[in-house]
Structure formats: structure tokens, C-alpha cells
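The lines below spell out each chain.
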Amino acid sequence: MKDIKYDHKSKKESKWAYMKKNYILYLFLLPAVTLVFIFNYIPMYGVLIAFQDFSVTRGIFGSEWVGLSHFRSFLTSPNFFQIFSNTIKLSVYGLVIGFPVPVLLALMLNQVRRAKIKKNIQLIVYAPHFISTVVIAGMIFIFLSPAGPINALITQTTGDSIAFMSNPDYFRTIFILSGIWQGAGFSSIVYVAALSNADPQLHDAATIDGASLLQRIWHIDVQVLKPVMAVLFILAVGGIMGVGFEKAYLLQTDMNIPASEIIDTYVYKRGLLSGDWSFGAAVGLFNTVIGLILLVIANGVIKKLNGETLY
């Protein structure tokens, strides 16, 4: 027992000695920690309105306490299942279809040997990330409108146009594919950077041993990417409930609401437009808690399968 206590004490002393020795690094970290504390942690007391019948005049500490009333109201509302289902479907489909695309793009870019061509390709695939979501939504409406270029081709082929933005059946496909087009190139930067750490001698040795290109990619490049993929997948699962309010709201029409109404747009309409602050906060808190649970589950699963974890 004495040895254990001594070891514990010595570890504490060594940590304190390290902090004293590298105090300059902690001073550099202090502004970032301060900003996070002020803007991320202090405002958390506002979550109390989710359990109150909040009144602006009475304030947070003067409003009537109603407990879980708003949560029950949301969970028992007629459109709860539809809203929750839309959110989950958009998130899961987007994750399953969209997550491998940056990885494949990075692997393909890694095979381009001419630096000039590689830079030009990277410029093209990164560019959509820097286009505003409002502009993206406008482009989608223009291209998919009844008089747009896509419908012009369809009309020439079949004789009939398709109401893409009015039909709920097309909304998820449009939302997910446009998201992949916009974000895949920029997301691949992390994977391209990770692939730069791959030892070229491994590829040379594999080539001498007769390994094909696909075999080298699978047994060398993919193995290098595995830790990065694990961490980014955990983060993606943690944000699975945050589909993206701006784009969903901008692409929403009166006709496609059965597929486009998600939790974020519902919170905006009930909480801000209708002035039901407490109900909106309750739904937002519910969304956050579900995301946190999914993050913990994904972290545990990835840790068991791959040994990689966030904490």
C-alpha cells in the first residue's frame, strides 16, 4: 500500500513539475479555454427554461417550474414520429453514403503522381465547400426547377418533367447528394494528410513482392487511415442529430414538408417564430441528449473493434 501511495504521489509531482516547466504552453492555451468557458459553459444555465413555463418579463429565475411537461408534450405530439424519423433517416443515410466518399477521394488523389494535376483536382473538389449554403440551395432550386436544365433533358427524353422540389420522395436524395458534393472534397483533406505519413518503402517492398495496386491500397494506405477514420466516424455519429438546419430549412417547401421537417426546423418554428421558448428549448435539449448518447455508444463500439477512442 505504501508503494502505491508513493507512486500516486510521485505521478502528481511529476505532472506538476511538467506544468511548471512548460507554463508558457498553458498560457497560450488560456485564451482558448477562457473563450470556450464564457461562450459554451456559462450559457448552459439557460437550459433551465426547458423545464419552465418561461416568460421574458419574469426571467429564468422567476418563471414557473413545469418539470418534464414540455418533453411529454413533444413525445406525445402527433408529428413526433415523423419529425424524429426524418432527422434519423437524413443523418444515417448521409453518414452511411457520405462517410466513405472522402476516404475514396483521398485514396484516388494519393495515386496522382503529377503535382500540378493533383493540385488542380484538389482545387476543383475543395471549391464547393466554400460556397454559401444559401447559394447551394438556390442552385438546387434553379437546376431542379420545372424549367431547369435537368428537367429540360428529362422532358426531351420522356416528354414529362419531374417536380423534384415538390415531391417528398426526392428530398432525401437531393439533400444527401448535394451534401456529399459540397463537403466530400474538403473532408478528404484530413485523409490526404494522413496518407502522407505512409512509408513509401512499404509500397516499394509490396510492389517487389508482386502486390497489385488494389492490394497495396488495402494493406498499406487503408491501414494508415484506420485510426483517423475511427475518430472521425465517432465525431460524425456524435453529430448525427445535427442534420443541418440551414440547408433543410432553405430546401423546404409546403409540398415536401413530410420529408423535410426535422427537429432543428421544428425547434426554429415552435421556439422562435411562434415564441414558445420553453418548448423549443426542451426539444433542442432532447436532440442534444440523444446525440450525446449516440456519441458514447459509438466511442465504446469503435474502442472494442479498433482500439481507437476519443477519451
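The shown structure was predicted, so the numbers you read here are calculated from the model rather than taken from an experiment. (Residues numbered from 1 in each chain as written. Predicted model: local features only at pLDDT ≥ 70, side-chain atom pairs only at ≥ 80, totals over all residues. Heavy atoms only, no water.)

**Concerning the overall build of the protein chain**
The helix and strand inventory of the protein chain stands at 15 helices and two strands. Computed over its C-alpha atoms, the radius of gyration of the protein chain comes to 25 Å, more than 25% above the 19 Å expected for a compact globule of 311 residues. Over its C-alpha atoms, taken along the principal directions, the protein chain stretches across nearly 70 × 60 × 35 Å. Burial analysis of the protein chain (311 residues in total) assigns 31% to the buried set. (Helix = DSSP H or I, 4+ residues; strand = E, 2+ residues; numbered from the N terminus. Rg over C-alpha atoms; globule rule 2.2 N^0.38 Å. Buried < 20%, exposed > 50% of the residue type's maximum accessible area, 1.4 Å probe, protein only.)

**With respect to the environment of Ala 127**
Note that Ala 127 resides in the loop between helix H6 (115-126) and helix H7 (133-144). Between the C-alpha atom of Ala 127 and that of Gly 185, which follows or precedes it by 58 residues, the distance is 7.9 Å.

**Considerations on helix H9 (residues 168-195)**
Taking 1.5 Å as the rise per residue, H9 with 28 residues should run 40 Å; its terminal C-alpha atoms sit 40 Å apart, in good agreement. Along H9, the helix axis deviates most sharply at Ala 184, where the bend reaches about 45°. Where H9 starts, the residue carrying a side-chain oxygen 3.0 Å from the main-chain nitrogen of Asp 169 turns out to be Asn 167. (Expected span 1.5 Å × (residues − 1). Bend = angle between axes of the 7 residues up to and from the residue. Polar contact = N/O pair within 3.5 Å; in protein donor to acceptor, adjacent residues only side chain to side chain.)

**Observations concerning the pattern of salt bridges**
This model, assessed by the stated rule, comprises two salt bridges. Across the pair Glu 261 and Lys 269 runs a salt bridge, and its minimum N-O distance is 3.2 Å. Across the pair Arg 270 and Asp 276 runs a salt bridge whose closest N-O atoms are separated by 3.0 Å. By relative accessible area, which is 26% here, Asp 276 ends up partly exposed. (Salt bridge = Lys/Arg side-chain N within 4 Å of Asp/Glu carboxyl O.)

**Description of the packing of H7 against H9**
Packed helices, taken two at a time, are described by the angle their axes make and the gap between the axes. Where H7 meets H9, the closest approach of the two axes is 12 Å, and the angle between their N-to-C directions is 125°. Relative to H9, the element H7 is oriented oblique. Handedness of the crossing formed by H7 with H9: right-handed. Judged by residue contacts, Ile 136, Met 139, Ile 140 and Leu 144 of H7 engage Ile 174, Ser 178, Trp 181 and Gln 182 from H9. A per-class count over the contact of H7 with H9 returns six nonpolar, two polar and no charged. (Axes fitted to C-alpha atoms, helices over the stretch in contact; angles between N-to-C directions. Parallel < 35°, antiparallel > 145°, perpendicular 65-115°, else oblique. Left-handed = near helix turned anticlockwise from the far one by under 90°. Contact = heavy atoms within 4.5 Å. Nonpolar A, V, L, I, M, F, W, Y, C, P; charged D, E, K, R; others polar.)

**Section: the packing of aromatic side chains**
Following the criterion strictly, the structure yields 18 aromatic pairs and no others. Geometrically, the ring pair formed by Phe 51 and Trp 65 is stacked, given 5.8 Å between the ring centres and 15° between the ring planes. One end of the pair, Phe 51, is in the loop between helix H2 (23-41) and strand S1 (52-53); the other, Trp 65, is in strand S2 (residues 64-65), with 14 residues separating them in the sequence. In this structure Trp 65 comes out as exposed when scored by relative accessible area, which is 53%. Relative to Tyr 170, the ring of Phe 164 lies with its centre 5.2 Å away and its plane at 65°, an arrangement referred to as edge-to-face. Judged by its relative accessible area of 12%, Phe 164 is buried. (Phe/Tyr/Trp six-rings, centres within 6.5 Å; stacked < 30°, edge-to-face > 60°.)

**Concerning the layout of surface pockets**
One simple way to see leftover space: roll a probe sized like a water molecule over the atoms. Space inside the largest pocket adds up to approximately 910 Å³. For the lining of the largest pocket, the element with the most residues is H9, which contributes 10 residues. The residue inventory of the lining of the largest pocket, partitioned by class, reads 16 nonpolar, 12 polar and two charged. Volume-wise, the second largest pocket comes out at about 250 Å³. Surrounding the second largest pocket, Ile 136, Met 139, Ile 140, Phe 143, Leu 144, Ile 150, Thr 173, Ile 174, Leu 177, Ser 178 and Trp 181 form its lining. Looking at the lining of the second largest pocket, the elements with two or more residues in it are H7 and H9. Here the lining of the second largest pocket is built from residues that sort into nine nonpolar, two polar and no charged. (1 Å grid on protein atoms, 1.4 Å probe; cavity = no way out; pocket = protein on both sides within 12 Å on 5 of 7 lines; lining within 4 Å. Points joined across faces, edges and corners; volume = space filled by probe spheres on them.)

**Digging into the side chain of Asn 287**
Position of Asn 287 among the secondary structure elements: in helix H15 (residues 277-306). Sequence-distant contacts of Asn 287, defined by excluding residues within four places in its chain, comprise Met 241, Ile 263 and Asp 264.

**Overview of the side chain of Gln 182**
For Gln 182, the position within the fold is in helix H9. Looking at Gln 182, its side chain comes within polar contact range of the main-chain oxygen of Ile 131, at 3.2 Å. Those residues in contact with Gln 182, other than ones at most four positions away along the chain, are Pro 128, His 129, Ile 131 and Ile 136.

**Things to note about the nonpolar core**
The biggest cluster of nonpolar side chains holds 31 residues, and the ones touching the most others in it are Phe 74, Leu 107 and Leu 225. Each residue touching Leu 107, except ones within four places of it in the same chain, is listed here: Leu 195, Ile 217, Asp 221, Val 222 and Leu 225. Listed in part, the 16 residues of the second largest apolar core include Leu 90, Leu 144, Ile 154 and Ile 262. (Core = buried A, V, L, I, M, F, W, Y, C linked by side-chain atoms within 4.5 Å.)

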